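# A look at the structure
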Amino acid sequence: TGPSGQPQIVASYQVGGGLVPFGWSLMEGPRVVVYSDGLAIVDASTSLVLEAKELSDLLAGLRRELDGFGPTASAGAESQIADAPSTALRVRLDDGTLYKVSAYALSEATGYDPRLVAGKNRMEALAERIRQDGAPYQGKQVRLVPQQVDKADGPGIGALTASPET
């Protein structure tokens, strides 16, 4: 819980970038975000409240799996993949900082440290569980993303997405 008494983000898993339309990353939220009160949200659409032990186990596992990586992990020179997305895993440490490790083409490339892959797999498994056992999530805030379009495509449009991180 943060200084204001509001739940804080304690873990998240986001995949973005790659060969996607301009502005796509502005509209797409994290695949999974977990708060200090146990609220876990997947794809800004489904939520589940984790029990205290499950939340504790999740954080301990992610801390172990991400320990020792810098802000950017790499698979090595043998993995040259174009236009793949980057994965960002975040976990709140005991000192309160939100530690983040990013990896390009983590799902596509070989050569990444098995601990990093295990962290991604842990968050993917949590996402699947939330999708199966969770309830519809409705965010308290929305993010407006205006996007100009070519007049041949019709009038300008905007996109609204739930914003579970703010």
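This text goes with the structure placed above it.
What counts and how
Residues numbered from 1 in each chain as written. Predicted model: local features only at pLDDT ≥ 70, side-chain atom pairs only at ≥ 80, totals over all residues. Heavy atoms only, no water. Pairing = 2+ DSSP bridges. Helix = DSSP H or I, 4+ residues; strand = E, 2+ residues; numbered from the N terminus. Contact = heavy atoms within 4.5 Å. Axes fitted to C-alpha atoms, helices over the stretch in contact; angles between N-to-C directions. Buried < 20%, exposed > 50% of the residue type's maximum accessible area, 1.4 Å probe, protein only. Polar contact = N/O pair within 3.5 Å; in protein donor to acceptor, adjacent residues only side chain to side chain. Salt bridge = Lys/Arg side-chain N within 4 Å of Asp/Glu carboxyl O.

Turning to the sheet that holds strand β2 (residues 32–35), a few remarks are in order. In spatial order, the strands read β5-β7-β6-β1-β2-β3-β4-β8; together these 8 strands make up an open sheet with mixed pairing. Two strands lie at the open edges of the sheet, namely β5 (72–73) and β8 (135–136), each paired on one side alone. Here helix α2 (residues 52–66) sits on the sheet and contacts β1 (9–16), β2, β6 (86–92) and β7 (98–104); the angle it forms with β6, its principal contact strand, is near 120 degrees.

What follows deals with the side chain of Ser-12. The topology assignment puts Ser-12 in strand β1. The class of Ser-12 is buried, set by a relative accessible area of 2%. A polar contact of 2.8 Å, which involves the side chain of Ser-12, links it to the side chain of Arg-90. Contacts of Ser-12, omitting those with residues within four sequence positions, involve Val-32, Val-33, Ala-88, Leu-89, Arg-90 and Met-123.

Next up on the list: the pairing of β7. Pairing analysis gives 2 bridges linking β5 to β7, with the strands arranged parallel. Following the sheet pairing, Ala-73 is matched in β7 by Ala-103. Bridging between β6 and β7 involves 7 bridges; their strand directions are antiparallel. By the bridge assignment, Arg-90 is partnered in β7 with Lys-100. Taking the residues that link successive antiparallel strands as the turn, the β6-β7 hairpin has 5 residues, and the phi of Gly-96 there is positive, at about 95 degrees.

Another point: the pattern of salt bridges. Scanning the entire structure with this criterion turns up 9 salt bridges. We note a salt bridge from Glu-128 to Arg-131, for which the minimum N-O separation is 3.5 Å. You can see Glu-128 and its partner Arg-131 sitting in helix α3 (residues 114–133), 3 residues apart, about one turn around the helix. Note on Glu-128: relative accessible area 36%, which makes it partly exposed. Between Asp-133 and Arg-129 there is a salt bridge whose closest N-O contact spans 3.7 Å. Residue Asp-133 and its partner Arg-129 are located together in helix α3, separated by 4 residues, close to a single helical turn. For Asp-133, a relative accessible area of 48% translates into the label partly exposed. Note on Arg-129: relative accessible area 31%, which makes it partly exposed. What you see here is one network of salt bridges that share partners, running through Asp-43, Glu-128 and Arg-131.

These figures capture arrangement, not role.
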